Amino acid sequence: MNHSTTFFLIAICVGLLAGGLLGAQPSINGSLGKNVAHPLQASLISFGSGTLILLLLTMVVGEFPPVFAVSPRQLPWWIWFGGAIGVVMVSTSLFIVPRIGSLPWFAAVMTGQTLAALLLDHYGLLGNPKTPVSALRVCGTLLLVLGILAIVGARRLEATQDAAVEVVETKD
């Protein structure tokens, strides 16, 4: 196995681990949100703990304070909004996941991410290398869309079946 294949396999494993942790994050934050007065407080606590960990890690590895390759004024305006997107993700999941569950939420998030990535890569936006949309990429994206439709449909079917069972049990 060559170096690039090994790196690719390691990257996939790290991605699976990170995805698993990301899958647990809304449930953890949702539980926190139930125990504070407002979901935004839970979001603040979540980002606070993450910021503290990053601060400690950058100090331990000797990479604090941040050093820019160019003047921060030369950077594109949108580069400063990654954290804001994290706030949207964490805060909306705090509110939504306890009400609908993790699976439909992540199916929707993953599909949205994939659609955005398809466009970002195709047009080479936000610093991505330009990678044209192909039939196979569109097919994979459509499978994700079909997957979210199946997940939402399954939830509705299960709710209908549960309601029917309750009606039958009530008649007995």
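Cut-offs applied
- Residues numbered from 1 in each chain as written.
- Predicted model: local features only at pLDDT ≥ 70, side-chain atom pairs only at ≥ 80, totals over all residues.
- Heavy atoms only, no water.
- Helix = DSSP H or I, 4+ residues; strand = E, 2+ residues; numbered from the N terminus.
- Rg over C-alpha atoms; globule rule 2.2 N^0.38 Å.
- Buried < 20%, exposed > 50% of the residue type's maximum accessible area, 1.4 Å probe, protein only.
- Areas by Shrake-Rupley, 256 points an atom, 1.4 Å probe, with all protein chains shown as cover.
- Lys, Arg positive; Asp, Glu negative; His and termini not counted.
- Charge placed at Lys NZ, Arg CZ, Asp CG, Glu CD.
- Patch = residues over 30% accessible without salt bridge, like charges linked within 9 Å, V, L, I, M, F, W, Y side chains within 5 Å.
- Salt bridge = Lys/Arg side-chain N within 4 Å of Asp/Glu carboxyl O.
- Contact = heavy atoms within 4.5 Å.
- Phe/Tyr/Trp six-rings, centres within 6.5 Å; stacked < 30°, edge-to-face > 60°.
- Lys NZ or Arg CZ within 6 Å of the ring centre and 35° of its normal.
- Expected span 1.5 Å × (residues − 1).
- Arc of directions from axis to C-beta.
- Axes fitted to C-alpha atoms, helices over the stretch in contact; angles between N-to-C directions.
- Parallel < 35°, antiparallel > 145°, perpendicular 65-115°, else oblique.
- Left-handed = near helix turned anticlockwise from the far one by under 90°.
- Bend = angle between axes of the 7 residues up to and from the residue.
- Polar contact = N/O pair within 3.5 Å; in protein donor to acceptor, adjacent residues only side chain to side chain.

A. Just the overall build of the protein, in detail. Helix and strand counts for the protein come out as 5 helices and 0 strands. For the protein, the sequential pattern of α-helices and β-strands runs α-α-α-α-α. Here the C-alpha radius of gyration of the protein, 21 Å, is well above what a compact globule of 172 residues would show, namely 16 Å. Along the longest, intermediate and shortest principal axes, the C-alpha atoms of the protein span 75 × 45 × 35 Å. For the protein, the residues scored as buried account for 13% of the 172 residues in total. Carbon and sulfur atoms form 73% of the exposed surface of the protein, whose accessible area is close to 12800 Å². Side-chain charges in the protein split into 8 positive and 7 negative, and the spacing between the mean points of these groups amounts to 14 Å.

B. Molecular detail of a nonpolar patch on the surface. Judged by side-chain polarity, F68, W77, W78, I79, W80, F81, L119, Y123, L125 and L126 come together as a nonpolar surface patch covering roughly 1100 Å² of accessible area. Relative to the elements of secondary structure, L125 occurs in the loop between α4 (102–123) and α5 (135–171). In this structure L125 comes out as partly exposed when scored by relative accessible area, which is 41%.

C. Examining the side chain of T111 more closely. Along the chain, T111 falls in helix α4. With residues up to four places along the chain from it excluded, the contact list for T111 reads L144, V145 and I148.

D. Looking closely at the packing of aromatic side chains. A full pass over the atoms with the stated rule returns 2 aromatic pairs. Ring geometry for F68 and W80: centres 6.1 Å apart, planes at 55 degrees, overall tilted. On the criterion of sequence distance, the pair formed by F68 in the loop between α2 (39–60) and α3 (82–100) and W80 in the loop between α2 and α3 is long-range, its members being 12 residues apart. Aromatic pair W77 and F81: ring centres 6.0 Å apart, planes at 70 degrees, arrangement edge-to-face. The ring of F95 carries R99 above its face, with NZ or CZ at 4.0 Å from the centroid.

E. Spotlight on α2. Here α2 spans 32 Å end to end across 22 residues, near enough to the 32 Å set by a 1.5 Å rise per residue. Buried within α2 we find A42, S43 and S46. Within α2, the buried residues cover an arc of 105 degrees as seen down the axis, which keeps them to one side. Turned more than 90 degrees from where α2 packs its buried face, L40, L44 and T51 sit exposed. Directly after α2, the chain includes G62, whose backbone phi takes a positive value near 75 degrees.

F. Looking closely at the packing of helix α1 (residues 3–34) against α4. Across the interface, α1 lies against α4 with an axial gap of 10 Å and an inter-helix angle of 125 degrees. Judged by the angle between their axes, α1 and α4 are oblique. As for how α1 packs across α4, the hand of that crossing is right-handed. In this structure, α1 uses L22, G23, P26 and S27 to contact α4, whose residues at the interface are S102, W105 and F106.

G. The arrangement of α3 in detail. If you check α3, its first and last C-alpha atoms are 26 Å apart, about what 19 residues at 1.5 Å a residue would give, namely 27 Å. Approximately 35 degrees is the largest bend angle found in α3, and it occurs at S93. Buried residues of α3: G86, V90, S91, S93, L94 and V97, and no others. In this fold, the buried residues of α3 make contact with α1, α2 and α4. At the exit of α3 stands G101, carrying a positive phi of roughly 95 degrees.

H. Representation of the side chain of N29 within the structure. Along the chain, N29 turns up in helix α1. Separated by 3.4 Å, the side chains of N29 and S46 make a polar contact. Filtering out sequence-adjacent residues up to four positions away, N29 remains in contact with A42, S46, V90 and L94.

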